[in-house]
Amino acid sequence: MQYKVTGNNRELSDALCKEQHSICAYTETYLGRSDKKDIEHFNPTLKDTPDDNHRNWFLVKAQWNSEKASKWTRYQPILHPIVDNFEQRIIYRDGNYWPASNNDTEAANLIALLKLDDPELAYERYCYIENLKDTMRLSSKTPQQFMDDLICMRPMLVYFIRAIEEELNVTVNFDLIQTK
């Protein structure tokens, strides 16, 4: 696929949405029908160049894309969000994201640029996880069975994936969803 600077990118947007399981690549919140979605060029300097490709495209909520757009040069060097060791360099603890090392400027810059430490987003994530914990306690299922059933029956209710896996000690497996 190719991003069309002045064309229709619906097919690319749909493919990214499916690949990301309708989850914003930056906020990890659900991308619903009423959300304005943007194809985000992680490195905006690559847009409309031969180096702009699938590794640079993410589907995100428009608000996050617009807030990031003007700050790219301020947050260099930066960690690419799909590096193999991402979860070792950016850790999730107590409802927030932190660089694993105080000396990891790239990780700190990514957190700041994408506003992964945004207080309102952190609170939304906290409330979502607490609600899942409460609902899980009311069920007679193990945490993993509860999550597997939820993802099969209502996948749009499964987001904040990293927080779910870290706090509930389960695996979120989108492969369980039946394709139609």
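Note that this is a predicted model, so its numbers are computed, not measured. (Residues numbered from 1 in each chain as written. Predicted model: local features only at pLDDT ≥ 70, side-chain atom pairs only at ≥ 80, totals over all residues. Heavy atoms only, no water.)

Peer 1: Explanation requested: the overall build of the chain in the structure shown.
Peer 2: Counting its regular elements, the chain contains seven helices and four strands. When the elements of the chain are put in sequence order from the N terminus, they spell out α-β-β-α-α-β-β-α-α-α-α. Whereas a compact globule of 180 residues would reach a radius of gyration of roughly 16 Å, the chain reaches 17 Å, a difference of no more than 12%. Along the three orthogonal principal directions, the C-alpha set of the chain runs to about 55 × 45 × 25 Å. (Helix = DSSP H or I, 4+ residues; strand = E, 2+ residues; numbered from the N terminus. Rg over C-alpha atoms; globule rule 2.2 N^0.38 Å.)

Peer 1: Whenever I open this one, the packing of aromatic side chains confuses me. Can you help?
Peer 2: Within the structure shown, the criterion is met by eight aromatic pairs. Ring plane angle 80 degrees and centroid distance 6.4 Å describe the contact between Phe42 and Phe58, whose orientation is recorded as edge-to-face. Remark: Phe58 occurs in strand 2 (residues 57-61) and Phe42 occurs in the loop between strand 1 (37-41) and strand 2; sequence separation between them is 16 residues. Accessibility classification places Phe42 together with Phe58 in one group, the buried group. Here the aromatic rings of Tyr159 and Phe160 are separated by 5.3 Å at their centres, their planes lie at 50 degrees, and the arrangement is tilted. Summarising the burial analysis for this pair, Tyr159 and Phe160 share the class buried. Here the aromatic cluster, defined as three or more aromatic residues joined through ring pairs, consists of Tyr26, Phe42, Phe58 and Trp72. Above the face of the Trp64 ring, Lys115 is positioned so that its terminal group lies 5.6 Å from the ring centre. (Phe/Tyr/Trp six-rings, centres within 6.5 Å; stacked < 30°, edge-to-face > 60°. Buried < 20%, exposed > 50% of the residue type's maximum accessible area, 1.4 Å probe, protein only. Lys NZ or Arg CZ within 6 Å of the ring centre and 35° of its normal.)

Peer 1: What's the story with the packing of helix 5 (residues 119-138) against helix 7 (residues 161-168) in this structure? I'm lost.
Peer 2: For any two helices packed against each other, the geometry is given by the interaxial angle and the distance between the axes. Packing of helix 5 against helix 7 leaves a shortest axis separation of 10 Å and a crossing angle of 50 degrees. Taken together, the axis directions place helix 5 and helix 7 in an arrangement best described as oblique. Once helix 5 is placed against helix 7, the crossing between them reads as right-handed. Residues Arg125, Tyr128, Ile129, Leu132, Lys133 and Met136 of helix 5 form the contact with helix 7, whose participating residues are Ala163, Ile164, Glu167 and Leu168. (Axes fitted to C-alpha atoms, helices over the stretch in contact; angles between N-to-C directions. Parallel < 35°, antiparallel > 145°, perpendicular 65-115°, else oblique. Left-handed = near helix turned anticlockwise from the far one by under 90°. Contact = heavy atoms within 4.5 Å.)

Taken by themselves, the reported measurements are silent on function.
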